[in-house]
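Take a look at the letters that make up each chain.
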Amino acid sequence: MAVLPADARCMDTELLGLQACGPDAWLLDLALPELLPSLAPGRFAMLSPGDGSGPLIPRPFSVYDQPQADRLRFLIQVIGPGTRALSRLSPGSPVVCTAPLGNGFRLVAPDRPVVLLAGGVGSAPFLLYGRQRREQGAGSTALLFGARSADRLYDHASFSDLGMDLLLATEDGSQGFHGNVLQALEQGLDSGRFDPEARFAACGPEGLLHAFSAFARRRGLDAEISLETYMGCGVGVCNGCPVATAEDGCFGAWPYTKTCLEGPVYSVLDLVF
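Residues numbered from 1 in each chain as written. Predicted model: local features only at pLDDT ≥ 70, side-chain atom pairs only at ≥ 80, totals over all residues. Heavy atoms only, no water.

Peer 1: Would you mind showing me how to read the packing of aromatic side chains here?
Peer 2: Aromatic rings in a pair are described by how distant their centres are and how their planes are angled relative to each other. By the definition in use, this model includes six aromatic pairs. Between Tyr64 and Phe159, the aromatic rings sit 6.3 Å apart at their centres with planes inclined by 75 degrees, giving edge-to-face as the arrangement. With a gap of 95 residues between them, Tyr64 in the loop between β4 (59-62) and β5 (71-77) and Phe159 in helix α3 (residues 157-161) connect regions that are remote in the sequence. Residues Tyr64 and Phe159 agree in their burial class; the two are buried. (Phe/Tyr/Trp six-rings, centres within 6.5 Å; stacked < 30°, edge-to-face > 60°. Helix = DSSP H or I, 4+ residues; strand = E, 2+ residues; numbered from the N terminus. Buried < 20%, exposed > 50% of the residue type's maximum accessible area, 1.4 Å probe, protein only.)

Structure, rendered in structure tokens:
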């Protein structure tokens, strides 16, 4: 089974700035004390305020962007005491960052289309995904980005700025497709807008990932998911993030996998989900 990534390290970083991107979400920029290599989309970090103002247990966040080798950006939705403490920090504040952790998405050949599905802050792994696809000179990269309402389509302009084929969906119909991203995907496949031979990937609330996994298996799609799992450590010690494996998947008879070590990105065929 997997072990802690060799490039992971715990760093004392500095908050460069916070930028609001919705009624309850922020883009958080960190300056690192050392250089990191280019990170695979879907890898994550454990973050906590360095001044002790937050809970003792850090919180996991996908790397949203890597503007420079010594900079990381995160998309943070305020939903509890840990994220609230981070959102209240001022530029120059210390932030403890353990990164990079986990395993990210496997990029495919540039000429193969990719279709991404995001629900709310589930868009977090996909900005880096789209940026690396553009650097590859890749062809079609589509993002179906859904939320309850238009004001929670966080920072969506950044995805279209990368040249991604962006399809917005809102459950209340306030912007884009009226419905959820899975309904938009099904319509896009049935109409021929999306190639069923593409690589598909999804990240978002658990309900979306369950529904997408079942849909992908039913339609025979080559698909990955990035799990948003509660974690206490991010390094495989606390055993707080297990997920059941499929007997005929890549983990064989091993009944559970730790999301922080073997994940958070998995093929839909490798999990009982």
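Peer 1: Hey, could you run me through the sheet that holds β5 in this one?
Peer 2: Neighbouring strands of a sheet are bound in pairs by backbone hydrogen bonds; such pairs are parallel or else antiparallel. With antiparallel pairing, six strands are arranged side by side in an open sheet as β4-β3-β6-β1-β2-β5. Two strands close off the open sheet at either side, each with one partner strand: β4 and β5. Between one strand axis and the next, the sheet turns through 40 degrees on average, direction left out of account. Taken together, the seven bridges between strand β1 (residues 9-22) and strand β2 (residues 25-31) define a ladder with antiparallel strand orientation. Its bridge partner lying in β2, Leu15 is registered against Leu30. (Pairing = 2+ DSSP bridges. Axes fitted to C-alpha atoms, helices over the stretch in contact; angles between N-to-C directions.)

Peer 1: Would you explain the pattern of salt bridges in this entry?
Peer 2: Pairs may arise between side chains of opposite charge once their charged atoms sit close together. Scanning the model with the defined rule gives 13 salt bridges in all. Arg9 serves as the salt-bridge partner of Glu34, at 2.6 Å between the closest nitrogen and oxygen. Placement of Glu34 in the loop between β2 and β3 (44-49) and of Arg9 in strand β1 is noted, with a sequence separation of 25 residues between them. Here Arg152 ties to Asp24 by a salt bridge, and the two come within 3.7 Å at their closest N and O atoms. In this pair, Arg152 is assigned in the loop between β8 (141-147) and α3 and Asp24 in the loop between β1 and β2, connecting sequence segments 128 residues apart. Residues joined in a network through salt bridges with shared partners are Arg106, Arg112, Arg199, Asp222 and Glu224. (Salt bridge = Lys/Arg side-chain N within 4 Å of Asp/Glu carboxyl O.)

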